Amino acid sequence: MSALAAGPLTARLDGVDLVEVRVGRTEVVRRVGVRVRDPDWETVRPAVHDAAVRERPDGFACGLRARHRSGPLDFSWHGSVAGARDGSLVYEMSGRALSAFGYGRIGICVLHPPSVAGRSYRAHTRDGPTAGRLPELVAPQPITAGVASPLVPAFTRLEIDLEPDLTVLFELDGDLFELEDQRNWADGSFKTYSTPVGLPTPFHAEPGLTIRQRVRARVSGSACAQPRRPTGPDRLRLRIGRPLATKLPPVGLCLDADGHRPDAAAAGLLRALAPAHVRTDIKADRADAQEALAGAAETAEALGSRLELALVLDGDEADATSALRRLGDLVADLPLERLIVLHRREWVTGPRWAALVRAELAPAAPVLVGTNFHFAELNRDRPDSGTGDGLVYSLTPQAHDDDEATLVHSLEAQRATVETARTFAAGRPVHVSPVTLKPRLNPYATAPAPGAPNYDERQPSPFAAAWTLGSVKHLAEGGAASITYFESTGPSGIVLRTADDNPAQPVPAYYVLRDVCAWRDRELVGCTSSEPLAAEGLLVRIGRSLSGSVANLTSRRQSILLGPCDADSATVRMLDDQTAPGDAIAGGLRPLRGGELELDLPPYAVARIEFRDDDQGG
């Protein structure tokens with residue numbers, strides 16, 4: 001990843017994307033690059049040819065070449081990105097279809113950092129100039145007559161005030177561009193994209209179709225006159241603050257989607273983790289629904305957990321009523337923590353289905369309504385205040401991209417989804433279930449992707465553990481009433497299944513969740529990172545003591561200062577790629593100096609910390 005500078009700007013080149021464009025410590029652009037989406041809105045990642053970078057005393061210029069191929073889709077493009085002394089950047093591309101194919105979108109996307117929320121903007125649209133403020137809360141994307149509405153309608157110029165003394169202007173050519181709030185899909189950005197969403201898709205490309213686009217960005221303001229380096233803090237710090245008057249919510253797991261039940265070894269590990277609940281998804285109209293539900297109840301009992309039942313209805317009210325009556329006696333005897341009502345043909349639970357479930361099953365547990373898909377669906381179709389005892393939505397950080405940086409960017413956006421949901425929940429609790437690395441479902445797909453794995457290969461990695469800690473922090477501090485993660489065993493789980501002579505083994509995220517489950521109902525304590533994309537911390541108060549974990553969210557070793565704290569020392573246990581599964585509890589005693597604990601964290605490591613002083617404070 002090449003570091004670049006131009007006038008007051010600093011940036012990095014990651015493949016064919018320009019990322020982390022900054023003036024001093026202010027983020028101007030999070031990412032700009034070309035995106036190709038197939039008819040199912042899956043991102044087709046490119047084969048990237050080496051970029052030719054030419055640095056000059058007054059700026060830089062880079063040549064770009066890439067090719068996107070997936071099934072019949074074959075699209076190649078070349079382009080350039082250049083930065084000048086006056087604080088301007090130009091990103092341009094010229095591409096050509098090499099085959100006949102359908103597609104959802106091809107063009108340049110600009111990702112604006114979430115820090116632009118609440119900032120003033122001005123745009124030049126087809127109907128003339130418009131202005132306003134970008135929303136603090138996640139803005140819904142309404143659909144009218146089957147057409148999605150952008151946050152800012154089609155424009156060719158967009159100006160955003162980043163700070164009182166810093167403004168960025170975008171000038172866009174080659175298509176009309178719109179703006180949407182990507183936090184709806186747990187992406188940490190607002191996105192300027194080409195081709196209005198109101199046009200019918202998929203589009204069709206014939207061989208030889210040419211697409212050319214250009215984006216010019218220029219910063220202005222007194223902040224540009226300040227030295228551009230350093231772009232980061234002198235030292236990465238996690239500052240301990242005051243108690244947040246919020247408790248760590250109950251955390252649970254999903255049972256395995258393929259119906260696999262843990263063997264004795266895996267069940268022992270999962271019991272030791274002590275999840276508050278386990279989720280099972282039951283299609284009520286299936287012939288084996290009773291058998292599947294009974295098996296889930298047995299597994300929940302074996303793990304010492306309550307059951308979070310997601311009941312998926314289908315058909316009309318008569319069909320659903322018949323299916324529910326077949327399950328009635330069994331549901332009455334379940335150790336239900338909550339019952340999630342979904343309908344296969346509805347994006348968000350309609351009020352009649354929650355009422356029907358109550359009438360037919362009379363569950364003692366709360367009845368939740370919401371969506372099995374992205375927060376975007378719940379946000380645009382908000383259930384009435386009288387529908388359900390709580391709201392629920394699922395979450396994945398890979399709606400648009402699947403690189404590590406995108407997943408880390410999603411962490412702050414996860415908090416925003418909960419905070420937004422609570423504003424329209426009318427006092428009802430907001431549950432997030434489930435949270436997965438890879439999307440479980442693609443509601444926009446026209447057909448299943450043949451041969452595509454339904455799991456993320458990073459699930460058993462230290463990265464997944466560090467990401468999980470960040471996710472728990474932001475969802476909990478945002479006010480989630482409960483959180484459900486991953487699956488129990490297998491490639492999407494937190495325990496590897498027994499194979500041949502290999503015993504069941506926990507993956508790194510298991511240890512993060514084991515600690516989190518042990519901290520249930522403990523008071524959260526503020527922990528603010530000087531670089532949230534680099535490191536995060538989760539702290540709880542246990543009596544008069546502090547405990548918690550700190551995660552390195554980067555692929556590089558980092559030195560981190562955690563404080564201030566009145567303790568004299570702390571026990572630190574390290575979880576990283578050198579930690580054998582059985583050794584994850586190993587650690588040692590570390591002194592505090594000047595009220596701060598110094599941590600040296602390998603890439604994607606998680607440090608478990610217990611401060612050792614009864615008189616400490618936040």
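J.: I'd like a description of the overall build of the chain, backed by residues and values.
T.: Each helix and strand in the chain was counted, giving eight helices and 39 strands. A compact globule built from 618 residues should have a C-alpha radius of gyration of about 25 Å, and the chain, at 25 Å, falls within 12% of that. With the C-alpha coordinates of the chain rotated into their principal frame, the extents come out at 70 × 65 × 50 Å. Going through the 618 residues of the chain one by one, you find that 56% of them count as buried. A sequence separation of at least 24 residues applies to 71% of the contacts in the chain between residues at least 6 apart. As presented, the chain carries roughly 25,300 Å² of accessible surface, and 47% of it is formed by carbon and sulfur atoms. Across the chain, the centroid of the 69 positively charged side chains sits 4 Å from that of the 80 negatively charged ones.

J.: Residues and numbers for the side chain of T387, please.
T.: Note on placement: T387 falls in the loop between α5 (375-380) and β27 (390-395). Since its relative accessible area comes to 6%, T387 is described here as buried. Not counting the four nearest positions on each side in its chain, T387 is found in contact with P351, A354, V369 and R428.

J.: How would you summarise helix α2 (residues 289-303) if you had to cite specific residues and measurements?
T.: Between its terminal C-alpha atoms α2 stretches 21 Å, which fits the 21 Å expected from 15 residues at 1.5 Å a residue. For α2, every residue scored as buried is listed here: A289, L293, G295, A296, A297, T299, A300 and L303. On the buried face of α2, the contacting elements are α1 (264-273), β23 (277-283), β24 (306-313) and α3 (317-332). At the exit of α2 stands G304, carrying a positive phi of roughly 70°.

J.: So what's going on with the environment of G595? Residues and values would help.
T.: Positionally, G595 belongs in the loop between β37 (587-591) and β38 (597-601). By relative accessible area, which is 17% here, G595 ends up buried. For the pair G595 and G104, spaced 491 residues apart in sequence, the C-alpha separation works out to 54 Å. Non-local contacts of G595, meaning those with residues more than four positions away in its chain, are made with L562, G563, P564 and C565.

J.: Report on the packing of aromatic side chains, specifying residues and quantitative values.
T.: Tallying each qualifying case throughout the model produces seven aromatic pairs. An aromatic cluster is present here, built from F101, Y103 and F203 joined pairwise through their rings.

J.: Please provide a residue-by-residue account of unusual backbone geometry, values included.
T.: Note: most peptide bonds trans; most residues except glycine with negative phi. Of the consecutive residues S433 and P434, the connecting peptide bond is found in the cis state with omega at -15°. Along the chain, the position of P434 falls in strand β28 (residues 430-435). Backbone geometry places A426, a non-glycine residue, at a positive phi of 55°. With respect to the helices and strands, A426 occurs in the loop between α6 (404-424) and β28.

Criteria and thresholds
- Residues numbered from 1 in each chain as written.
- Predicted model: local features only at pLDDT ≥ 70, side-chain atom pairs only at ≥ 80, totals over all residues.
- Heavy atoms only, no water.
- Helix = DSSP H or I, 4+ residues; strand = E, 2+ residues; numbered from the N terminus.
- Rg over C-alpha atoms; globule rule 2.2 N^0.38 Å.
- Buried < 20%, exposed > 50% of the residue type's maximum accessible area, 1.4 Å probe, protein only.
- Contact = heavy atoms within 4.5 Å.
- Areas by Shrake-Rupley, 256 points an atom, 1.4 Å probe, with all protein chains shown as cover.
- Lys, Arg positive; Asp, Glu negative; His and termini not counted.
- Charge placed at Lys NZ, Arg CZ, Asp CG, Glu CD.
- Expected span 1.5 Å × (residues − 1).
- Phe/Tyr/Trp six-rings, centres within 6.5 Å; stacked < 30°, edge-to-face > 60°.

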